[in-house]
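# Per-entry structural report
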Amino acid sequence: MAAKRIFSIYSKSSGLEITPETKVNSGKVQSEGRVQLRFFLLKAPGANGEKATQIKFVCEPWEAHDLAMRMLQVHASTTATKEKLIHKFQQGETEIVTTLTIEKWSRDGKSGLGLAVGRGDSFVSVPIGKDSVSRFVFAADFLKFLANNQCWIDKEAA
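Residues numbered from 1 in each chain as written. Predicted model: local features only at pLDDT ≥ 70, side-chain atom pairs only at ≥ 80, totals over all residues. Heavy atoms only, no water.

Below, the discussion takes up the overall build of the protein chain. The number of helices and strands found in the protein chain is two helices and nine strands. Secondary structure of the protein chain in N-to-C order comes out as β-β-β-β-α-β-β-β-β-α-β. The principal-axis extent of the C-alpha atoms belonging to the protein chain is close to 60 × 35 × 30 Å. For the protein chain, buried positions account for 41% of its 158 residues. For the protein chain, contacts bridging at least 24 residues in sequence account for 49% of all contacts bridging at least 6. Carbon and sulfur atoms make up 50% of the accessible area of the protein chain, which amounts to about 9,400 Å² in all. (Helix = DSSP H or I, 4+ residues; strand = E, 2+ residues; numbered from the N terminus. Buried < 20%, exposed > 50% of the residue type's maximum accessible area, 1.4 Å probe, protein only. Contact = heavy atoms within 4.5 Å. Areas by Shrake-Rupley, 256 points an atom, 1.4 Å probe, with all protein chains shown as cover.)

Written out as structure tokens, the structure reads:
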């Protein structure tokens, strides 16, 4: 069994797992590299009205690199700030919108960083306190690494 590259960040009640992913197609291009961010809750579903226990956000390699760059910009900011990535796709006749937010926050004398994802009425937030800032920066570097590593396509043999 081959080892899979993976990095996880945990908070008190949620987590984020970053892994390589493959998009399988039909036609001339059989498969393509992607990067997956899986946001998940560590507690029982519905405990606080949450609708989903996990939300997956799949990026093309360039989007993963863009996300990493935005994470580093937010980290370097001297003030509270937010960056957002929005994905829209059709599922039948329904448009599905997923928003990923990168945030540097300061509230009630506390500050930190965070990543959150929302889809419909489901939302998962992964706050990162001062003691875990290096994990946030490492996650950005890991995203850049996966972006380069997952930049491939497998074309059908002619």
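Once that is clear, we can look at the packing of aromatic side chains. Each aromatic ring pair is described using two quantities: the centre-to-centre distance and the angle formed by the ring planes. Scanning the entire structure with this criterion turns up five aromatic pairs. Taken together, the ring pairs in this structure connect Phe7, Phe138, Phe142 and Phe145 into an aromatic cluster. (Phe/Tyr/Trp six-rings, centres within 6.5 Å; stacked < 30°, edge-to-face > 60°.)

Formed by 32 residues in total, the largest nonpolar core has its most connected members in Ile18, Leu37, Phe39, Met71, Leu100 and Leu143. For this core, the element with the most residues is helix H2 (residues 133-149), which contributes seven residues. (Core = buried A, V, L, I, M, F, W, Y, C linked by side-chain atoms within 4.5 Å.)

The end-to-end C-alpha distance of helix H1 (residues 61-76), which contains 16 residues, comes to 23 Å, matching closely the 22 Å that a straight helix rising 1.5 Å per residue would cover. Listed in full, the buried residues belonging to H1 are Pro61, Glu63, Ala64, Leu67, Ala68, Met71 and Val74. Across the axial projection of H1, the buried residues extend over an arc of 160°, all falling on one side. In this structure, H1 carries Trp62, Gln73 and Ala76 as exposed residues pointing more than 90 degrees from its buried face. (Expected span 1.5 Å × (residues − 1). Arc of directions from axis to C-beta.)

Our next topic: the packing of H1 against H2. The geometry of H1 relative to H2 is characterised by a closest axis approach of 8 Å and an angle of 155° between their N-to-C directions. In terms of orientation, H1 lies roughly antiparallel with respect to H2. The element H1 and its partner H2 pack so that their crossing is left-handed. Taking contact as the criterion, the partners of Pro61, Ala64, His65, Leu67, Ala68, Met69, Met71, Leu72 and His75 in H1 are, on H2, Val133, Phe136, Val137, Ala139, Ala140, Leu143, Lys144 and Ala147. Taken together, the residues of the contact of H1 with H2 sort by class into 14 nonpolar, two polar and one charged. (Axes fitted to C-alpha atoms, helices over the stretch in contact; angles between N-to-C directions. Parallel < 35°, antiparallel > 145°, perpendicular 65-115°, else oblique. Left-handed = near helix turned anticlockwise from the far one by under 90°. Nonpolar A, V, L, I, M, F, W, Y, C, P; charged D, E, K, R; others polar.)

Now for the layout of surface pockets. In this structure, the largest pocket occupies an estimated 260 Å³ of space. Looking at the largest pocket, it is lined by 18 residues, and the ones nearest its centre are Ser11, Lys12, Ser13, Ser14 and Pro127. The element contributing the most residues to the lining of the largest pocket is strand S8 (residues 122-129), with six residues. (1 Å grid on protein atoms, 1.4 Å probe; cavity = no way out; pocket = protein on both sides within 12 Å on 5 of 7 lines; lining within 4 Å. Points joined across faces, edges and corners; volume = space filled by probe spheres on them.)

One non-glycine residue, Asp108, adopts positive backbone phi at about 50°. Relative to the elements of secondary structure, Asp108 occurs in the loop between strand S6 (94-107) and strand S7 (110-119). Asp108 gets classed as exposed once you look at its relative accessible area, which sits at 82%.

Here we take up H2. In this model H2 runs 24 Å from its N-terminal to its C-terminal C-alpha over 17 residues, within 8% of the 24 Å that 1.5 Å per residue would give. Inspection of H2 places Phe136, Ala139, Ala140, Phe142, Leu143, Leu146 and Ala147 among the buried residues, and these make up the whole buried set. Summarising the axial view, the buried residues of H2 lie within an arc of 165°, below the 170-degree limit, and thus occupy one face. Within H2, the exposed residues directed more than 90 degrees away from the buried face are Ser134 and Asn148.

The values are spatial; any link to function lies outside them.
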